[in-house]
Amino acid sequence: MTADGPPALVEDYRPGDFLLAGPSATLLATGCQAVVTEPDPDELAARVGKLLLDTAVPVAVGVLPFDTDAQPRLVIPAAVRRGGPASSRPATPWTHAPRVTPIPEPAAYVHAVEQVVRRLRSDSDLRKVVLARAIELEFDDAVDIARLLPGLAAANPIGFTYAADLGPVLGGRALLGASPELLLRRTGDQVVSNPLAGSVPRGIDAVADEKVAAALLASAKDQGEHRVVVEAVVEVLRPFCRRLTVPATPSLVKTPTVWHLSTRITGELIDPDVSALRLAAALHPTPAVCGTPTAAARAVIAEHEPFDRGFYSGVVGWCDAAGDGEWVVAIRCAEVEAARMRLFAGAGIMPDSVPAAELAETDAKFRTLLAALGVTL
């Protein structure tokens, strides 16, 4: 494993590599010595841990899907390089417009949100459902992920830009995105999770932006949505930690397109043998991407989303032989295959959600990737 100075490793990415570029560091993994696709989280962590003890490159990288019964893809790479944060090289967009297919049409999404709101109001046990949309883009030429990544990372400096190969079994697909949400970081016996939930599109100017941020912080609906996620993360982490620090109220964090409510949770592990991968698998999926209770929310999602999420709203990251690692929520992303991209965006639906506002929120989230592509819909 080597450490590299500027220029950032984002610009060294090539198809088939794994990249995770955060606000302070970048990891680039190349080649493949072994692949683990075991869905069971305990068995997955055990197999990966054993492989890491027997390799000269003691790092595993990869992705977990939204569906926890589906196969993850964890890779032991041939080489790993580490560097600083991404450079500020601007995006190099496509110069022609893609053919666009919304899945579903916006009006159908609004109707689905209306149905889910009615379900939430009539079922006191169902607290939140995250309902997603997709947009399929088809270009004349193959999508060049390496060309997109530097600009995507530069436009999202406080987030995590990532690209992960999804393997030949999926037809040579890759996952590309820029997530603002840290699911889990482990460094020694210290853990950090930074759930985001409760969102609003950015304002069109500084004055409007300040107003929408203040409104988000004061919103009972969004505070409730956020509280559900924080409670779930704390419930999962508590058995693993001798100490947890949870702020009493959320703060605001912004991306180029969206304001979020954010809570940074820190803890100290009881057992130093519990790896970052095992902790990430235990946390996934949080109510930020699924809803709560999990099983009931999954059932509603399956009823109303006309597509398979695949690795969207899954987890992407890395873990080393010491158990340290960093895993982020796979949002603001697209699955890429040849000249096609399928973009995803979701919104947390609560009993007092306004369907048109949830549609606008997903539109804003789509713009993270669309801006890197130079595409306006």
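Residues numbered from 1 in each chain as written. Predicted model: local features only at pLDDT ≥ 70, side-chain atom pairs only at ≥ 80, totals over all residues. Heavy atoms only, no water.

For the protein, the name recorded in an unreviewed UniProt entry is isochorismate synthase, with Actinokineospora alba as its organism. Listed in UniProt under the heading Sequence similarities (unreviewed entry), the comment for the protein reads: "Belongs to the isochorismate synthase family." (UniProt positions renumbered as here; feature names shortened; annotations may be inferred.)

Caption draft 1: View of the sheet that holds strand β15 (residues 241-245). Pairing is antiparallel in the open sheet, where nine strands are placed in the order β4-β6-β5-β20-β21-β12-β13-β18-β15. Two strands close off the open sheet at either side, each with one partner strand: β4 (34-36) and β15. The sheet shows a mean angle of 15 degrees between the axes of neighbouring strands, direction not considered. Note that β15 and strand β18 (residues 265-269) share four bridges and pair antiparallel. Within β18, the residue paired with Thr245 across the bridge is Thr266. Packed onto the sheet, helix α5 (residues 220-237) meets β12 (182-187), β13 (190-194), β15 and β18 and runs at close to 5 degrees relative to β18. Along the sheet face, helix α6 (residues 276-283) touches β5 (59-64), β12, β13, β18, β20 (315-320) and β21 (325-329) and points at about 155 degrees away from the line of β12. (Pairing = 2+ DSSP bridges. Helix = DSSP H or I, 4+ residues; strand = E, 2+ residues; numbered from the N terminus. Axes fitted to C-alpha atoms, helices over the stretch in contact; angles between N-to-C directions. Contact = heavy atoms within 4.5 Å.)

Caption draft 2: Quick look at the packing of α5 against α6. Two numbers describe how α5 lies on α6: the axes approach to 9 Å, and their chain directions differ by 135 degrees. Judged by the angle between their axes, α5 and α6 are oblique. Our pair here, α5 against α6, has a crossing hand that is right-handed. Packed against α5, whose contacting residues are Val233, Val236 and Leu237, the element α6 presents Leu279, Ala282 and Leu283 at the interface. Tallied by class, residues from the contact of α5 with α6 come to six nonpolar, no polar and no charged. (Parallel < 35°, antiparallel > 145°, perpendicular 65-115°, else oblique. Left-handed = near helix turned anticlockwise from the far one by under 90°. Nonpolar A, V, L, I, M, F, W, Y, C, P; charged D, E, K, R; others polar.)

Caption draft 3: Spotlight on the layout of surface pockets. Of the volumes computed, that of the largest pocket is approximately 680 Å³. What lines the largest pocket is a set of 30 residues, among which Arg173, Asp308, Arg309, Gly310 and Glu335 lie closest to the centre. Of all the secondary-structure elements, those providing two or more residues to the lining of the largest pocket are α7 (294-304), β22 (333-337) and β23 (340-349). No other element matches β23, which puts four residues into the lining of the largest pocket. In terms of residue class, the lining of the largest pocket is made up of 15 nonpolar, three polar and 12 charged. (1 Å grid on protein atoms, 1.4 Å probe; cavity = no way out; pocket = protein on both sides within 12 Å on 5 of 7 lines; lining within 4 Å. Points joined across faces, edges and corners; volume = space filled by probe spheres on them.)

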